[in-house]
Amino acid sequence: MINIDKRLQQLAQSVQLDCEKPFLQIEQVAQYNEEKVLSAFLECGVSETHFKGSTGYGYGDRGREVLDEVFAKIVGAEDALVRHNFVSGTHALSVALFGVLRMGDKMLSLTGAPYDTMEEVIGIRGTGNGSLKDYGIVYEQVDLTSDGKVDYQMVHQKATDCKVAYIQRSRGYSLRESLTISEIEQLICTVRAVNPNAIVVVDNCYGEFVEKKEPTQVGADLIVGSLIKNAGGGIAETGGYIAGKANYIEQCAYRLTAVGIGKEAGCTLNQSKSMFMGLFFAPSVTASAVKTSIFALRLFEKLGYEVFPKYDAIRTDIIAAIKLHNAESMIAFCQGIQKGSPVDSFVKPMPWEMPGYESPVIMAAGAFTMGASIELSADGPLREPYAVWLQGGLTYTTGKIGVLLAAQAMLEQGLLTI
């Protein structure tokens, strides 16, 4: 059996009791979302024939078309672009932004600095090579307030002339709170009051199915995410999505393929079944990931660490951030997570210069699908505030064990006291 210190086991029992109420809330949300997903499958008449992959141009691929319909219905959008050839969430976001922005337009980030990998896409960092900035698109951001909140007053002032109002739902590599759906709705209303024609684009990564609504159901024009996060249910092997207003989806599809082709082509190879199946399982798997996150937050809070959010806070994404104070603790934590992974548990993760990131990053992810952060994983850049960001957990039981092994690794290296 897995070796975990008895003191940690005893602490885990008390943590489990503390988590009963938030767990119940998560299970209620999952039940609602599972019914929503099933309803969309039934309405759209999903059939086994939709699972057969196409080749070549992929003309007339009904599986591809029905998957778009199902996804759009689930998130309350007019249309969707769900494709295996989105290589990451960053790729899908890049396609969406290049799809709707033109030379001279302004993109305004309402939630401070974007996720690290978006900085080179926008042109905030790097040498260019085709960034939005290179194409004459202006970027501005509304910095967060001193306490890490959205500055609604400044949004009201700056949003008057932006073409795209950009919202990052999740915290990314920061310690600010992730935005709830109600907060996103308030932010959209603030933009609409001064700029009714702004295109509201939401980076929805890590947030799908954590609440009962998605941003498109409260006024967002486009939402974007990855299928190796929540929406793929741990089954989709690759891919991403863009969902929202039909005219904007058409522009995004032209960017993904070619003008005049758009959604009409694109073979699915043998990926359709895994994308359908992953979407079906997504609410349940997401609930397991959130429960794993809640357990980790409470455990490390009891061990004396500062955690974000609090374990009993209203959840809007699957991410838990734990401030570990130093690089050694970050490395030990991630190595412990790796030891609890079903795949490559023997691998010892170390920091490295990962493409798209400004600082060395350590990542632990022994996953069935490489880089799938709906599977238990932990990562973070080795810089202040030396926090690690934990996400995923295909099942709560195995997720909990992984978290305990992270604590165990720190304990064995003398980096944690009980």
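The structure this text deals with has already been given above.
Presented here is a report on the structure given in the accompanying data block. Bear in mind that the values here come from a model prediction, so they are computed numbers and not experimental data.

**Describing the overall build of the chain**
1) Next: In terms of regular secondary structure, the chain is built from 11 helices and 12 strands.
2) Next: Expected size for 418 residues packed as a compact globule is a radius of gyration near 22 Å; at 21 Å, the chain falls within 12% of this value.
3) Next: Principal-axis analysis of the C-alpha atoms gives the chain an extent of 65 × 50 × 40 Å.
4) Next: Residues classed as buried in the chain amount to 56% of the 418 residues present.
5) Next: Approximately 17300 Å² of the chain is accessible, and the part contributed by carbon and sulfur atoms is 52%.

**Some thoughts on a nonpolar patch on the surface**
1) Next: Residues L38, L42, M277, F280 and F281 make up a contiguous nonpolar surface patch of about 460 Å² in total accessible area.
2) Next: For the nonpolar patch, the elements supplying multiple residues, two or more each, are α2 (20-43) and α9 (272-302).
3) Next: In terms of residue count, the dominant contributor to the nonpolar patch is α9 (3 residues).
4) Next: Within the secondary structure layout, L42 lies in helix α2.

**With respect to the side chain of N230**
1) Next: Within the secondary structure, N230 is located in the loop between β6 (222-226) and β7 (240-244).
2) Next: Among the polar contacts made by the side chain of N230, one reaches the main-chain carbonyl oxygen of Y206 at a distance of 3.1 Å.
3) Next: Within the structure, the side chain of N230 is placed 2.9 Å from the backbone oxygen of E208, a separation counted as a polar contact.
4) Next: What N230 contacts, discounting residues up to four positions off in sequence, is Y206, G207, E208, V210, A282, T286, I318 and I374.

**Quick look at helix α4 (residues 89-100)**
1) Next: Here α4 spans 17 Å end to end across 12 residues, near enough to the 16 Å set by a 1.5 Å rise per residue.
2) Next: Burial analysis of α4 places 10 of its 12 residues in the buried class, which makes it a mostly covered element.
3) Next: Turning to α4, its buried residues are G89, A92, L93, S94, V95, A96, L97, F98, G99 and V100.
4) Next: Sitting at the head of α4, S88 places a side-chain oxygen 3.4 Å from the backbone nitrogen of T90.

**Re the sheet that holds β7**
1) Next: Reading across the sheet, the 7 strands line up as β1-β7-β6-β5-β4-β2-β3 and stay open at both edges, with mixed pairing between neighbours. Since the sheet does not close on itself, it has two edges, and those belong to β1 (79-83) and β3 (138-141), each with one partner. Within the sheet, the average angular offset between the axes of one strand and its neighbour, ignoring direction, is 20°.
2) Next: Pairing geometry for strand β5 (residues 199-203) and β6, over 3 bridges, is parallel. Counterpart to D203 in the pairing with β6 is V224.
3) Next: Contacts from helix α3 (residues 62-75) reach β1, β6 and β7, with the element oriented near 125° to β1.
4) Next: Contacts from helix α8 (residues 246-256) reach β1, β5, β6 and β7, with the element oriented near 25° to β1.

**Let's talk about helix α10 (residues 327-339)**
1) Next: Between its terminal C-alpha atoms α10 stretches 19 Å, which fits the 18 Å expected from 13 residues at 1.5 Å a residue.
2) Next: Every buried residue belonging to α10 is among A327, S329, M330, I331, A332, F333, C334, Q335, G336, I337 and Q338, and all of these are buried.
3) Next: Along its buried surface, α10 packs onto α9, β9 (320-323), β10 (361-364), β11 (377-381), β12 (387-391) and α11 (396-412).
4) Next: Here α10 starts with a cap whose side-chain oxygen sits 3.3 Å from the backbone nitrogen of E328, and that cap is N326.

**Some thoughts on the pattern of salt bridges**
Side-chain pairs of opposite charge can arise where the charged atoms are in close proximity.
1) Next: Scanning the entire structure with this criterion turns up 25 salt bridges.
2) Next: A salt bridge links E43 to K73, with the nearest nitrogen and oxygen atoms 3.5 Å apart. Highlighted residues: E43 in helix α2 and K73 in helix α3, separated in sequence by 30 residues.
3) Next: The class of K73 is partly exposed, set by a relative accessible area of 41%.

**Describing the packing of aromatic side chains**
Two numbers describe a pair of aromatic rings. These are the distance of the centres and the angle of the planes.
1) Next: Tallying each qualifying case throughout the model produces 13 aromatic pairs.
2) Next: Here the aromatic residues F41, F51, F276, F280 and F281 are joined through ring pairs into a cluster of three or more.
3) Next: One Lys or Arg, K212, reaches over the ring of Y32 and ends 5.2 Å from the middle of that ring.
4) Next: The ring of F23 is capped by K291, whose NZ or CZ atom sits 5.2 Å from the centre of that ring.

How each quantity is defined
Residues numbered from 1 in each chain as written. Predicted model: local features only at pLDDT ≥ 70, side-chain atom pairs only at ≥ 80, totals over all residues. Heavy atoms only, no water. Helix = DSSP H or I, 4+ residues; strand = E, 2+ residues; numbered from the N terminus. Rg over C-alpha atoms; globule rule 2.2 N^0.38 Å. Buried < 20%, exposed > 50% of the residue type's maximum accessible area, 1.4 Å probe, protein only. Areas by Shrake-Rupley, 256 points an atom, 1.4 Å probe, with all protein chains shown as cover. Patch = residues over 30% accessible without salt bridge, like charges linked within 9 Å, V, L, I, M, F, W, Y side chains within 5 Å. Salt bridge = Lys/Arg side-chain N within 4 Å of Asp/Glu carboxyl O. Polar contact = N/O pair within 3.5 Å; in protein donor to acceptor, adjacent residues only side chain to side chain. Contact = heavy atoms within 4.5 Å. Expected span 1.5 Å × (residues − 1). Pairing = 2+ DSSP bridges. Axes fitted to C-alpha atoms, helices over the stretch in contact; angles between N-to-C directions. Phe/Tyr/Trp six-rings, centres within 6.5 Å; stacked < 30°, edge-to-face > 60°. Lys NZ or Arg CZ within 6 Å of the ring centre and 35° of its normal.

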